[in-house]
Each structure stands twice: as C-alpha cells, then as structure tokens.
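Fold and geometry: a report
Single-letter residue listing:
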Amino acid sequence: MQHRSGTLSDMSDDSMSPRGLPRILAVANQKGGVGKTTTSVNLSACLAEAGYRVLLVDLDPQGNASSGVGIDTRGIETSMYDVILHDAPMEDCIEPASVKNLFVAPSNLDLAGAEIELVPQFAREGRLKRAIESVIDDYDFVLIDCPPSLGLLTVNALVAAREVLVPIQCEYYALEGLGQLLRNVDLVKRNLNPELEVSTILLVMFDARTQLSSDVESEVREHFGDKVLPTRIPRNVKLSEAPSHHQPINVYDPSSKGAIAYRLAAKEVAGGATPRSR
C-alpha cells in the first residue's frame, strides 16, 4: 500500500455509539469513481426500507443520485441549482423517490456552473445549511451526495452536515488524497461548522479473493479504528447494473450480495435509533 506519509492522523478516538435523530451526513471523497453516489443511493434506500424517513440531497451536477432512485432529471422544475443559487424553497425541490420513505432533492447539469456562480454570493458557504434547516424536522436522515471535488458545493455540504461519511475503495492508492479531504473537513470544522466530524468510513469494492483488498482494509482500520463500519461492500455485478435501471440495489435485486451488504451497513449507520414519530 502506498500513500503520502503524514497525511492521515489517527482518528479512532470515539466509538460508533447510537446517535440522536435527525442526522445529516455528507458522503464525501474527492476522488472520482470511489462509490460515493452508489453509497448515497443505496444507503439512503436501505435506511428508508428500515422505516426511517430519508432525504437524499444530490449535489453532483451529473444527477446520478437522482436518476438512481427513479427521478428523470430532465423534467425537474426546481432543482438544487435553484435552491442554492436562487433561494428557491427546499420543499419545492423535493420529490418522492421510487422507495417508500425516501425523498430526493435532485440536481441536473444546471449545477455545473454553480461553483463559479457561488463565488460572489453573500454567505455562500451556508446556503445549503439554511435550505436543509427549513425541512429537517420532516426527516430522520439527510444524506448529501457530494461532487468529486473540494469546491464550494462540497464546502456547502460540509457546512450543512454534522457528520462526514467517507467511502473508501479497496484498491491501490485508496488513501491517496484522503489526507486533503481530512484537512478540508478540519478547516470547515474550525472556521464554519464546529459540529462537523468524520463519523463513518465505509469500505467499498471489496474483493475477498485479493490480498490487496485485505491490505487496504487492514490499513484503513488501523488508521480509523471504530469509525470503520464492520460491513464491507463487495464488488458486485448487480450493484453496477442497478443505476441503468434507475433503481437502488434493494429494489433492483433485493437478494444480491450488494443489497445484503448495504442493508447491514444501513443498520450499522443507524445504530439502533428509533425512527421519530410524526
């Protein structure tokens, strides 16, 4: 395993104890192709399946999280672009997904220019936070699918969230760049959001047949301790197929290894919390 030395501090100081609801988690890792959207979609759907009321906020201009739960991004009247750039009410943006208890605040390619358009905006880092605060009482969990960069959209997610969930792929260079993400989380914590913490690490694309996956797992668990969920998400063909059918894995193939793993991960994330009555 190779990564830049000195970029990862030991973060295994507090254990995964049950947390109070509602919870707001930014799913972040600035490396592309590490399973952020797959994790955002399937964790949200499995939490919803378990009876929690879940809002999935799509902050990636590609809109893959939105389409992954059955939303046609071309037909959106109000998107996260309108919410963040033009102060549209968050409730006007939210759509019911194809899974009971799951709701989506969708995005589309309009959001691609938001990084630049946000630069001159007043209180630009807190726009998503204010939007989520206006609807948080309706949900047990809010998961924010971040874009694969550390620009202003991701900063908005880190300011709005209380926790960061980092998917880490079990491949060579898995920890490359992670130190930069952790430094940015620390910057946001010190300057904009003192509540923020990296609470959860999820190992994805795990292949039990390879020594490499085992090596990555050992290194990640050594660095992050109890923050790493016990469940690992395996490499699974059904997980790869599900997005093209616009379904989360627990709908597309409920008995697949991917679905079983994400259900277990959702249970671990929830930590036994009781869904709030409304």
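Quick note: structure is the one above.
Summarised in this report is the structure supplied together with it. Think of each chain on its own: its residues are numbered from 1, step by step along the sequence as written. For this predicted model, a pLDDT threshold of at least 70 governs which residues receive local features, and a threshold of 80 or more governs which side-chain atom pairs are given and counted, while totals over whole chains, interfaces and linings are taken from all residues. Note that water and hydrogens are dropped before the side-chain values are worked out from all heavy atoms of the structure.

Bringing the environment of Asn42 into the picture now. Under the scheme used here, helices are H or I runs from DSSP no shorter than 4 residues and strands are E runs no shorter than 2 residues, and both carry numbers assigned from the N terminus. Mapped onto the elements, Asn42 comes out in helix 1 (residues 36-49). For Asn42, a relative accessible area of 4% gives the class buried. Distance from Asn42 to Glu241, taken between C-alpha atoms, is 13 Å for residues 199 residues apart in sequence. Two residues qualify as a contact provided that any one of their heavy atoms is within 4.5 Å of a heavy atom in the partner residue. Aside from chain neighbours lying at most four places away, what touches Asn42 is Leu239, Pro248, Ile249 and Tyr262. Each residue's exposure class comes from its accessible area (1.4 Å probe, protein chains only) as a fraction of the maximum for that residue type: buried when under 20%, exposed when over 50%, partly exposed otherwise.

Each α-helix turn comprises 3.6 residues. Residues three or four places apart therefore point the same way. Most of helix 7 (residues 152-160) sits out of view: nine of its nine residues are buried. For helix 7, the complete set of buried residues consists of Leu152, Leu153, Thr154, Val155, Asn156, Ala157, Leu158, Val159 and Ala160.

Moving on to a nonpolar patch on the surface. Taken together, the side chains of Tyr172, Tyr173 and Leu212 define a hydrophobic patch exposed on the protein surface, amounting to about 260 Å² of accessible area. With respect to the secondary-structure elements, Tyr172 resides in the loop between strand 6 (163-169) and helix 8 (178-191). Patches here are clusters of residues that have more than 30% relative accessible area and form no salt bridge, with a 9 Å joining cutoff for like charges and a 5 Å cutoff for nonpolar side chains (Val, Leu, Ile, Met, Phe, Trp, Tyr). Working definition of accessibility: Shrake-Rupley area with a 1.4 Å probe, residue cover restricted to the visible protein chains. Should a side-chain nitrogen of Lys or Arg be within 4 Å of a carboxyl oxygen of Asp or Glu, the pair is scored as a salt bridge.

With that settled, consider the packing of aromatic side chains. Here a pair means two rings of Phe, Tyr or Trp (six-membered ring of Trp) with centres within 6.5 Å. Their orientation is stacked below 30 degrees between planes, edge-to-face above 60, and tilted elsewhere. Throughout the structure, instances matching the rule amount to three aromatic pairs. Each ring, one from Phe103 and one from Tyr139, has its centre 5.9 Å from the other, and the planes form 65 degrees; the classification is edge-to-face. Of this pair, Phe103 sits in strand 4 (residues 102-105) while Tyr139 is found in the loop between helix 6 (127-133) and strand 5 (141-145), placing the two residues 36 residues apart along the sequence. Looking at Tyr139, the relative accessible area reads 4%, which means it is buried. Where Tyr172 meets Tyr173, the ring centres are 4.4 Å apart and the plane angle is 50 degrees; that geometry is what we call tilted. Judged by its relative accessible area of 38%, Tyr172 falls in the partly exposed class. A cation sits over an aromatic face here: Arg232 above Phe206, 3.9 Å from the ring centre. Here, over-ring charges are defined by two tests on the NZ atom of lysine or the CZ atom of arginine: distance to the ring centre within 6 Å, and angle to the ring normal within 35 degrees.

Here is the key point about a regular strand: its side chains alternate between the two faces of the sheet. Among the seven residues of strand 6, seven are classified as buried, and the element is accordingly described as predominantly covered. Residues Glu163, Leu165, Pro167 and Gln169 point to one face of strand 6 and Val164, Val166 and Ile168 to the other, with burial holding for every one of them. Here three bridges tie strand 1 (residues 23-27) to strand 6, and the two strands are oriented parallel to one another. Note on strand 6: the bridge partner recorded for Ala26 is Val164. By definition, the crossover connecting two strands over a helix is right-handed if that path, from the first strand to the second, turns clockwise as seen with the strands pointing away from the viewer. What joins strand 6 to strand 7 (residues 197-206) is helix 8, and the crossover it makes is right-handed. Note on pairing: two strands pair once DSSP finds at least 2 bridges between them.

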